Amino acid sequence: MKDQTQFPILDQVAFNADGLVPAIAQQHDTGEILMLAWMNRESLMETLATGRVCYWSRSRQRLWRKGETSGHTQHLIEARIDCDNDAILLLVDQVGPACHTGMRSCFFRSCEGDGQVIPSFGAGK
């Protein structure tokens, strides 16, 4: 793995009090928003060094390499940081569904004007 000094972005990220930053995964060629997860310094460094997306699992309290059990991996195309340095956008090549429910995107439900949540068929399997 590369030395963390090779990734200046690591020193620019404004990690929260828990050492985490939200990371949005977006399909690089279609612009489809796939999911939101959390990264810590170690997971971001691993992602940059290997090109395979790695997150921090808040529920498991450990690194979570996307697809490690499902095979539905994310390969990093580009990482971007927002203007406040407190969010990461990952442009990825998603292999298989991104959502643990089996849907292509975690954002497969829509909220109508009346507040009703309904399936959004644009984010199908």
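Provided above is the structure to which this section pertains.
Values in this document were obtained by computation on a predicted structure and should not be read as measured data.

Asker: Would you mind going over the side chain of Asn 40 with me for this structure?
Answerer: Looking at where Asn 40 falls in the secondary structure, it is placed in the loop between strand 2 (33-39) and helix 2 (41-50). Exposure remark for Asn 40: the relative accessible area of 13% places this residue in the buried category. Polar side-chain contacts of Asn 40 include one of 3.2 Å to the backbone nitrogen of Glu 42. Not counting the four nearest positions on each side in its chain, Asn 40 is found in contact with Phe 15, Gly 19, Leu 20, Trp 56 and Leu 63.

Asker: Can you help me understand helix 2 in this one?
Answerer: The periodicity of an α-helix, 3.6 residues per turn, causes residues three or four positions apart to be oriented the same way. Taken together, the buried positions of helix 2 are occupied by Ser 43, Leu 44, Met 45, Glu 46, Thr 47 and Leu 48. Buried-residue contacts for helix 2 involve helix 1 (9-12), strand 2, strand 3 (54-57), strand 4 (62-65), strand 5 (74-81) and strand 6 (88-94). With a side-chain oxygen lying 3.2 Å from the backbone nitrogen of Glu 42, the N-terminal cap of helix 2 falls on Asn 40. In the segment just after helix 2, Gly 51 is the residue with positive phi, at about 80°.

Asker: Even after reading the chapter, I still don't get the nonpolar core, so can you show me in this structure?
Answerer: If you look at the biggest cluster of nonpolar residues, it comprises 21 residues, and the most contacted ones within it are Met 35, Met 39, Leu 44, Tyr 55, Ile 88 and Leu 90. Elements that contribute at least two residues to this core include exactly helix 1, strand 1 (21-27), strand 2, helix 2 and strand 6. With 4 residues, strand 2 is the largest single contributor of residues to this core.

Asker: Got a minute to help me understand unusual backbone geometry in this structure?
Answerer: Phi at Gln 61 is positive, roughly 55°, even though this residue is not glycine. Since its relative accessible area comes to 54%, Gln 61 is described here as exposed. Positive phi, close to 65°, is recorded for Asn 85, a residue that is not glycine. Among the secondary structure elements, Asn 85 is positioned in the loop between strand 5 and strand 6. For Asn 85, a relative accessible area of 26% translates into the label partly exposed.

Reading guide: rules and limits
- Residues numbered from 1 in each chain as written.
- Predicted model: local features only at pLDDT ≥ 70, side-chain atom pairs only at ≥ 80, totals over all residues.
- Heavy atoms only, no water.
- Helix = DSSP H or I, 4+ residues; strand = E, 2+ residues; numbered from the N terminus.
- Buried < 20%, exposed > 50% of the residue type's maximum accessible area, 1.4 Å probe, protein only.
- Polar contact = N/O pair within 3.5 Å; in protein donor to acceptor, adjacent residues only side chain to side chain.
- Contact = heavy atoms within 4.5 Å.
- Core = buried A, V, L, I, M, F, W, Y, C linked by side-chain atoms within 4.5 Å.

By themselves, these figures tell us nothing about what the structure is for.
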